[in-house]
Structures are given as C-alpha cells and as structure tokens.
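# Structure assessment
So the chains spell out like this:
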Amino acid sequence: MDKLKLSENIVKWRQAKHMTQEMLADYMGVTKSSVSKWERGVTVPDVVLLPLLASYFDVSIDTLMGYEPQLSKDQIKRYYFDFASAFAHESFESVIQSCQKAVKKYYACYPFLLQMSILWLNHLNLAPNKESMQMMIASICQWCERIELARLDPMMIENARVVKATAQLMNQEFDAVIDTFEDRMDVNIIGNKDHLLVMAYLENGQANKAELTTQVAIYRGLTQLIGSSVLLFLNPDLPKQTAEMTIQRIDGIIDLYQILKLNPNLLAQYHFRVALYYANQNPKEPEETQRRLRAYIEAINKLLSDELVIHGDSYFTVIDEWIEELSLGIRSVRNKNLVIDSAIQGLMHPAFNDFQKSAVIQKTIHEWEALKC
C-alpha cells in the first residue's frame, strides 16, 4: 500500500490552478501558515476541511490524500488462489471471515474486489445454508456495484456487471438480469472492433499484434459458440430436430479445432449438458448418454492432467501471451479438490442413476478421489 501523499497533492494541485498559498488559505478560511504546514507535512487539514478541499480541486477525498490501497496483479492472484485453496481445506466460516477482512482492507482496490466477487461466485455451492448463500450473493452484488459506480476501467465495469448478473440469476432475480442485458441484443449495433483493430495493426506495420488479435478473436468466438450452444439444452421445449442438428454441428467444430486439448473444461460442460439431454429425452436408449458421459470423463481427466492450466495449441500458437495477461493468469479459477468434487457431483446427477453403478463410473470416481490433495 502506498503512503499517503496529501502534502504533495496540495502543492501539485494548488500550483496547477496557479494559486498562491494566500489564495488557497483565503478560500479555505485558514491562515497562510496553516497551508504552508499542510504542504510541508507538518500538520494536516482538519477532517471537516477535507471535503471542501477535495471539492475545490475536483477530486475525491481518497485521491486528495493519495490513498491508493492497490494490490499488484500478482498479489491479487496470490490472494485468490490462497482463498480458493482455503475453501477446499478450511471451514467455510473461517474462509469467509478472512475474505471479508481482506476486502475491508483493500476496499478501494477495484480489481481485487472483482476477483473476490468471482471467487465467491465460484464457491457459492459451498455455502452451508440458504442464508449464507444469500449473504454471499448480496456481497457480490455490493462489490460489483461499487466497481460500476467508480467508472474507471470500462472492461472492469462490464465484467462486474456480468458477475453481478450471474449472482442475481442464481438468486432468481430475473428482472434485474433482463434490465441489465436486454439492450445488448439491439440489432442496430454495428461494427466489429476485432476486425477494425486487426486492420489498423496491419496498416501500422504491427503484424505480430494483428496475429495475436486474430487468434484471440477466433478463440473467443469458438468458446462463445460452444458455450452458447449449451444454453439450448436448458430449454425443455427444444425441438428434437434442433437439438440433434446443434449437437451434430458443435461436435464437428469440437473435432475440427481439437477443443479437448484446447479447453477441456468447456468441453466437459458441453458433454455433461448433452448427456443430460439424452438421459431425459431417450431414457430407453442409453447408448448416447453413456457415450457422452465417457466424453465428459475424458474431458475432466484432460483438465486434471493439464493441472488446471489453460493454454494454446499448434493452431493457436500465440494466445499464451494473451492468456498470461488474464487477471488470474493461466491457472484455473478453482482449486483442484473443488473441481474434482464438482465433477463427481456431475456424475451423481439423478438423471444418471442408471449408470452410476457401472464399472467405468465407479473406477473414475475412485481415481478422482485419489488425486485430491
């Protein structure tokens, strides 16, 4: 945490306004000697004068005082993964209290608030009761709203809105989510910023950046396409023809781009959802459900063998540079033990009751349990 810089800031902003110490003293209703002592760090303004002084310089009180409790990117990563590990090994209450203490200490560090919101969102399933879960959701929404009100980084604000909406969805606040995102479907939105950026890079002689931007755009497009297709299977009234055509097309994309190597976590989610679809729609024809469960297990095994690290491949040759710049880097946002518990919970879904005693699933669960720390 940086030291306070009140005295330096008063000097800097007074001079920027071309004011003398006498002029500032007259405005503040104090003596020139008082202003001089402020600027030399001998004394500080009375607390009741701080709002007036901040208002005159058109800054917040935090900014006036130089209060910037900013954590570095690496420090935020460390906090996140330490807490994620703690959720797997310590009591729920103790981890929650530690998180709250850290948030209170770094409440003006907005990137940290965002990552703590994501941390809690990813571990809501550990809440021991409904009251604890609702407390977590309320805190997530409060932290994200604080980020939105700060109006600093547009991307951070957008991410905060997504995290908050996800929490609201889990809390059945459907109207709030609709109000936030309904206008994003506006057909009048034009342009493709990725295309424009690539063209600008190429014209500017920055071929490497153009290649990186292109690969990232394709990678994002693929993950969004596969992830969005999963949403179709949430609709109980989905026509069979639409479902079968979607599965056929997404399967083709998965094979073509070797998604198992590229993003096994995404692939596990896809196969799990398709397995649920077949289990519910064709209970008398279990072959397809079994095949999808095997694919789900294969994806989870690949995820665990890669040590929960995301990376590029022989096609996406430069996106590792972009992945490294992600807020939490290349590692999974969840602890390995929790990933395994979640994967086992998936196999134990009631829709798969007829398959849970099979040798394959029993062997898989035993092997996954053995991998836990």
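A few points on the structure.

Moving on to the packing of aromatic side chains. All chains considered together, the criterion is met by 19 aromatic pairs. Taken together, a centroid distance of 5.5 Å and an interplanar angle of 75 degrees make the contact between Y80 and F81 edge-to-face. Per residue, the accessibility class of Y80 equals that of F81, and both read buried. Aromatic pair Y219 and W322: ring centres 5.9 Å apart, planes at 70 degrees, arrangement edge-to-face.

Evaluated as defined, the whole model comprises 13 salt bridges. Between K164 and E148 there is a salt bridge whose closest N-O contact spans 3.0 Å. Taken together, the residues K164 in helix α10 (residues 154-170) and E148 in helix α9 (residues 130-150) connect sequence positions 16 residues apart. Given the relative accessible area of 15%, E148 is considered buried.

Over its 13 residues, helix α20 (residues 359-371) runs 19 Å from end to end, which matches the ideal 18 Å to within 8%, given 1.5 Å per residue. The complete set of buried residues in α20 reads I361, T364, I365 and W368. Down the axis of α20, the sector holding all buried residues measures 100 degrees, keeping them to one side. Exposed residues pointing more than 90 degrees away from the buried face of α20 are listed as A359, K363, H366 and A370. At its buried positions, α20 is contacted by α17 (287-305) and α19 (336-347).

Once that is clear, we can look at the nonpolar core. In this structure, Y270, Y296, L347, F352 and W368 are the most contacted members of the largest nonpolar core, which totals 47 residues. Counting residues per element, the ones that place at least two in this core are α13 (207-232), α14 (240-256), α15 (259-262), α16 (264-281), α17, α18 (319-324), α19 and α20. Considering every element that reaches this core, the biggest residue donor is α16, with 11 residues. Grouped together as the second largest cluster of nonpolar side chains are 38 residues, A86, V95, V103 and L114 included.

Turning our eyes to something else, we now look at helix α7 (residues 92-105). Every α-helix carries 3.6 residues per turn, so stepping three or four residues along brings you back to the same face. Along its 14 residues, α7 runs 20 Å from first to last C-alpha, staying within 8% of the 20 Å computed at 1.5 Å per residue. Inspection of α7 places F92, V95, I96, C99, A102 and V103 among the buried residues, and these make up the whole buried set. Viewed end-on, α7 has its buried residues packed into an arc of 130 degrees, placing them on one side of the element. Away from its buried face by more than 90 degrees, α7 exposes Q97, K101 and K104. Looking at the buried side of α7, the elements it contacts are α6 (73-89), α8 (110-122) and α9.

So, on to empty space enclosed by the protein. Empty pockets left among the atoms are what a rolling probe the size of a water molecule brings to light. Per the counting criterion, the structure on display carries one cavity of 30 Å³ or more. Computed from the structure, the largest cavity encloses a volume of approximately 30 Å³. Looking at the lining of the largest cavity residue by residue, the class counts come to five nonpolar, one polar and two charged.

Taken together, the side chains of L169, F174 and I178 make up a nonpolar region of the molecular surface, amounting to roughly 280 Å² of accessible area. Summarising the element assignment, I178 is placed in helix α11 (residues 174-181). What makes I178 partly exposed here is its relative accessible area of 40%.

The next point concerns the environment of T213. Structurally, the position occupied by T213 is in helix α13. Through-space distance from the C-alpha of T213 to that of L197 is 7.7 Å; in sequence the pair is 16 residues apart. Aside from chain neighbours lying at most four places away, what touches T213 is D194, L197, V198 and Y201.

α11 packs onto α10 with a crossing angle of 155 degrees between their chain directions and a minimal axis gap of 8 Å. By the criterion of interaxial angle, the relationship of α10 to α11 is roughly antiparallel. As α10 runs across α11, the sense of the crossing is left-handed. Two secondary-structure elements touch here, α10 through E158, R161, V162, A165, Q168 and L169 and α11 through F174, A176, V177, T180 and F181. Within the contact of α10 with α11, the residues separate by chemical class into seven nonpolar, two polar and two charged.

Conventions and cut-offs
- Residues numbered from 1 in each chain as written.
- Predicted model: local features only at pLDDT ≥ 70, side-chain atom pairs only at ≥ 80, totals over all residues.
- Heavy atoms only, no water.
- Phe/Tyr/Trp six-rings, centres within 6.5 Å; stacked < 30°, edge-to-face > 60°.
- Buried < 20%, exposed > 50% of the residue type's maximum accessible area, 1.4 Å probe, protein only.
- Salt bridge = Lys/Arg side-chain N within 4 Å of Asp/Glu carboxyl O.
- Helix = DSSP H or I, 4+ residues; strand = E, 2+ residues; numbered from the N terminus.
- Expected span 1.5 Å × (residues − 1).
- Arc of directions from axis to C-beta.
- Contact = heavy atoms within 4.5 Å.
- Core = buried A, V, L, I, M, F, W, Y, C linked by side-chain atoms within 4.5 Å.
- 1 Å grid on protein atoms, 1.4 Å probe; cavity = no way out; pocket = protein on both sides within 12 Å on 5 of 7 lines; lining within 4 Å.
- Points joined across faces, edges and corners; volume = space filled by probe spheres on them.
- Nonpolar A, V, L, I, M, F, W, Y, C, P; charged D, E, K, R; others polar.
- Patch = residues over 30% accessible without salt bridge, like charges linked within 9 Å, V, L, I, M, F, W, Y side chains within 5 Å.
- Areas by Shrake-Rupley, 256 points an atom, 1.4 Å probe, with all protein chains shown as cover.
- Axes fitted to C-alpha atoms, helices over the stretch in contact; angles between N-to-C directions.
- Parallel < 35°, antiparallel > 145°, perpendicular 65-115°, else oblique.
- Left-handed = near helix turned anticlockwise from the far one by under 90°.

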